Amino acid sequence: MVKTLSTARILLSSAILAIGGVPLGCGPVSVSDAIDDADEVYVFEDDEDPATAALPVVEGELLVQPFPGAGDESLVQVYSAAGAARIGQLAEIGVDVLEVDPDQLAEAAGQLSESGLIEGIHKNYLLRAEEIPDDPLYQQQPHLRQIKAEDAWDMSIGDEDVIIAIVDTGVDPDHPDLADKIIDGWNVFDGDSDFGAGLDHGTLVAGVAGALSDNDTGVAGVAWDCPIIAVRATGATGGTSARDLAAGILWATGHGARVINVSFAPLWSNSIVSSAAEYAYARGALVVISSGNSGGTHSASGYPEALFVGAVDDDGRIADFSDRGPFVDVVAPGVSIRSTAPEATYRVASGTSFAAPIVTGLAALVWSVNPDLRPVSVVEIITGSATDIGSRGEDSTYGFGLVNAEQALEDAADWSVESDHTPPTVRITRPSDNAVLTGNTAVSVAATDRWGVADVVLSVDGVPFATDGRSPYRFVIDTTQYSPGRHELSVVATDHAGNPATEKTVSVVFGATDDGDAAESEGGIVFVSPSEGSTVSGTVTIKAVVSAEAGLATAEWLVDGSSRLVSKMSGKSSEVVYAWRTAGVDAGTHTISLVVIDSAGGRFSESLTLKTR
């Protein structure tokens, strides 16, 4: 049996499915019961993408994302039991960095997944800045004219309030085309203020996005007047990890960056960087990421909180090295781009690493023209104004097409910033009303909003319990911390404009007693037909009469321990019916069970044995 992270997630969050014959939301279940104790091989969810699976990793390190609501003391115990120790955090996105025995990485991940407290478990993948070497004497290509930057500059050359962040190998702070542009910086890799160029990659990227222009020196950047903050996320050799890139995005977001360039790959399915991009997006910033230089086609869809950029040559053809797939949003010139290099030099380089900062600079210009835009509007403007090339409409090679700076700025100037007074839509998808919950139990919430959901707050009996700021919105509650009996779960979703949704609630029963069993009820179930031990075929109508002194809430039919039908009920007595289709069912003896929950949360059940031929 192969166990994946997504398997653990599904077992926890889609708990309406039967687990051990009793579904969460309809009977007492501990989340940990959802995982079979048989020998299993743990497969990391991110490794389902072949390009990601091929990456090296930081040995002996796991990045885990606990469910909102998981208690710190419980987490420490779970980590210790798995042979792991917490050595760091990315607190903004709820990530714990764990140290484990390098030879026990999968075993530790498997044990962590069984706890019911962990939403995501990831390796810390190693990445490198990507560049295709070019002849340093090759003449500069007209990439700025190719995207119509010269016409765009008639409308804006940037605004000093729109800050660009370059999360990369560091930037040369003394370069004449950059020195007056850099206003801040940090080295998240070493944890110090030395953000200078470890390699020239970051300096090249910075120059493409925003080199000082019209100064009789060197080259022109896309966004002349937008300041730059340099965030070094690599060591001396240019290597970095998903953890460090995420830390760079978070640092840049916290220091006022509006557009954040990340010229590393492959990141289209990286969960940790995705969480950081979502965090930035929720706070009004946009992350721009290079598509990658392997020249392959990939099935990943990326994530909506970032723009993925492919590269074309000066004739508008996709570059041989540019990665393709549904994750690509737009393309920009990425072949023979002349830019700034360390020690006051300039050189030519190619790669999607240099297509991305063109789009980063364009996003900064769009915000300079219309600073009230939300990130979603900036994305819509850039993708909607792109020149369609390749197959008609959006495709997996060119995305929406080649960015058009002139049209983007015209659209930005005309873009009407809507006043947002519409709250998100929100509902609790699990558990259902009158569910009996025990142990660590999952709460899943669906929340959507035109401009994006900022967060979802879960309360228990009117007291805020936990907040989830990343989609999908899921929580875990340790019901043993509450008294047995009926409790109210409520959620409120708030959008980025501060509009709160109307509170949604469900009434549930925390059914654990002192011995850990669910509360029992005074009630009865009498099967009317067919009779015990009958041989049946075709579609069989199974009838029963049920009663409960406390009143009836739900009735659930199970066949051989698998949930088939859950129905709401009322009153103190009722007939219930289930039509069992036996076509395709294996011949032999089968058990039909009926589980009833009363209005006080009590649970009782009876079973009927039938034979098929």
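Before any of the text, the structure's been laid out above.
Note that the structure is predicted; figures quoted are calculated from it, not measured. (Residues numbered from 1 in each chain as written. Predicted model: local features only at pLDDT ≥ 70, side-chain atom pairs only at ≥ 80, totals over all residues. Heavy atoms only, no water.)

## Focus on the packing of helix H10 (residues 352-369) against helix H11 (residues 375-385)
Part 1: Axis separation between H10 and H11 bottoms out at 10 Å; the angle between their running directions is 115°. Between H10 and H11 lies a crossing of right-handed hand. Contacts between H10 and H11 pair Val 359, Leu 362, Ala 363, Val 366 and Trp 367 from the former with Pro 375, Val 378, Ile 381 and Ile 382 from the latter.
Part 2: A per-class count over the contact of H10 with H11 returns nine nonpolar, no polar and no charged. (Axes fitted to C-alpha atoms, helices over the stretch in contact; angles between N-to-C directions. Helix = DSSP H or I, 4+ residues; strand = E, 2+ residues; numbered from the N terminus. Left-handed = near helix turned anticlockwise from the far one by under 90°. Contact = heavy atoms within 4.5 Å. Nonpolar A, V, L, I, M, F, W, Y, C, P; charged D, E, K, R; others polar.)

## As for helix H7 (residues 201-210)
Part 1: Of all ten residues making up H7, ten are buried, and the element is well covered by its neighbours.
Part 2: Taken together, the buried positions of H7 are occupied by His 201, Gly 202, Thr 203, Leu 204, Val 205, Ala 206, Gly 207, Val 208, Ala 209 and Gly 210. (Buried < 20%, exposed > 50% of the residue type's maximum accessible area, 1.4 Å probe, protein only.)

## Some details on the nonpolar core
Part 1: If you look at the biggest cluster of nonpolar residues, it comprises 71 residues, and the most contacted ones within it are Leu 62, Leu 112, Ile 260 and Val 262.
Part 2: Counting residues in each nonpolar core, the second largest holds 60 residues, with Val 171, Phe 195, Val 309 and Ile 337 among its members. (Core = buried A, V, L, I, M, F, W, Y, C linked by side-chain atoms within 4.5 Å.)

## Details of the pattern of salt bridges
Part 1: A full pass over the atoms with the stated rule returns eleven salt bridges.
Part 2: Here Glu 119 and Arg 474 are joined by a salt bridge, their closest N and O atoms 3.1 Å apart. With a gap of 355 residues between them, Glu 119 in strand E8 (residues 118-129) and Arg 474 in strand E25 (residues 473-478) connect regions that are remote in the sequence. Across the pair, exposure class does not vary: Glu 119 and Arg 474 are buried alike.
Part 3: Ionic pairing is found between Arg 347 and Asp 200, a salt bridge with its closest N-O pair at 2.9 Å. On the criterion of sequence distance, the pair formed by Arg 347 in strand E19 (residues 345-349) and Asp 200 in the loop between strand E10 (182-187) and H7 is long-range, its members being 147 residues apart.
Part 4: The buried category is assigned to Arg 347, whose relative accessible area is 18%. (Salt bridge = Lys/Arg side-chain N within 4 Å of Asp/Glu carboxyl O.)

## Observations regarding the sheet that holds strand E35 (residues 603-612)
Part 1: Sheet architecture is open: five strands sit in the order E29-E35-E34-E31-E32, paired in mixed fashion. With partners counted over all chains shown, the strands left at the sheet margins are strand E29 (535-536) and strand E32 (562-568), one partner each.
Part 2: The sheet contact formed by strand E31 (residues 552-559) and strand E34 (residues 588-598) spans seven bridges and is antiparallel. Bridging across to E34, Trp 557 finds its partner in Leu 594. (Pairing = 2+ DSSP bridges.)

## Remarks on helix H9 (residues 271-282)
Part 1: Its twelve residues place the ends of H9 16 Å apart at the C-alpha level, agreeing with the 16 Å of an ideal helix rising 1.5 Å per residue.
Part 2: Counting buried positions over the twelve residues of H9 gives eleven, a clear majority of the element.
Part 3: Among the residues of H9, Ser 271, Ile 272, Val 273, Ser 274, Ser 275, Ala 276, Ala 277, Glu 278, Tyr 279, Ala 280 and Tyr 281 are the ones counted as buried.
Part 4: Where H9 starts, the residue carrying a side-chain oxygen 3.1 Å from the main-chain nitrogen of Ile 272 turns out to be Asn 270.
Part 5: Phi turns positive one or two residues past the end of H9, at Gly 284, with a value near 90°. (Expected span 1.5 Å × (residues − 1). Polar contact = N/O pair within 3.5 Å; in protein donor to acceptor, adjacent residues only side chain to side chain.)

## Overview of the packing of aromatic side chains
Part 1: In the structure shown here, the tally under the stated rule is eight aromatic pairs.
Part 2: Ring plane angle 80° and centroid distance 5.2 Å describe the contact between Tyr 303 and Phe 308, whose orientation is recorded as edge-to-face. For the pair Tyr 303 and Phe 308, one class covers both residues: buried.
Part 3: Measuring from centroid to centroid gives 5.6 Å for Trp 557 and Tyr 578, while their planes differ by 25°, and the two rings are stacked. Of this pair, Trp 557 sits in strand E31 while Tyr 578 sits in strand E33 (residues 573-581), and the two are 21 residues apart along the sequence. Here the two residues Trp 557 and Tyr 578 agree in accessibility, since each one is buried.
Part 4: Members of the aromatic cluster, joined through ring pairs, are Trp 268, Tyr 303, Phe 308 and Phe 327.
Part 5: Note that Arg 283 overlies the ring of Tyr 279, its terminal NZ or CZ placed 3.6 Å from the centroid. (Phe/Tyr/Trp six-rings, centres within 6.5 Å; stacked < 30°, edge-to-face > 60°. Lys NZ or Arg CZ within 6 Å of the ring centre and 35° of its normal.)

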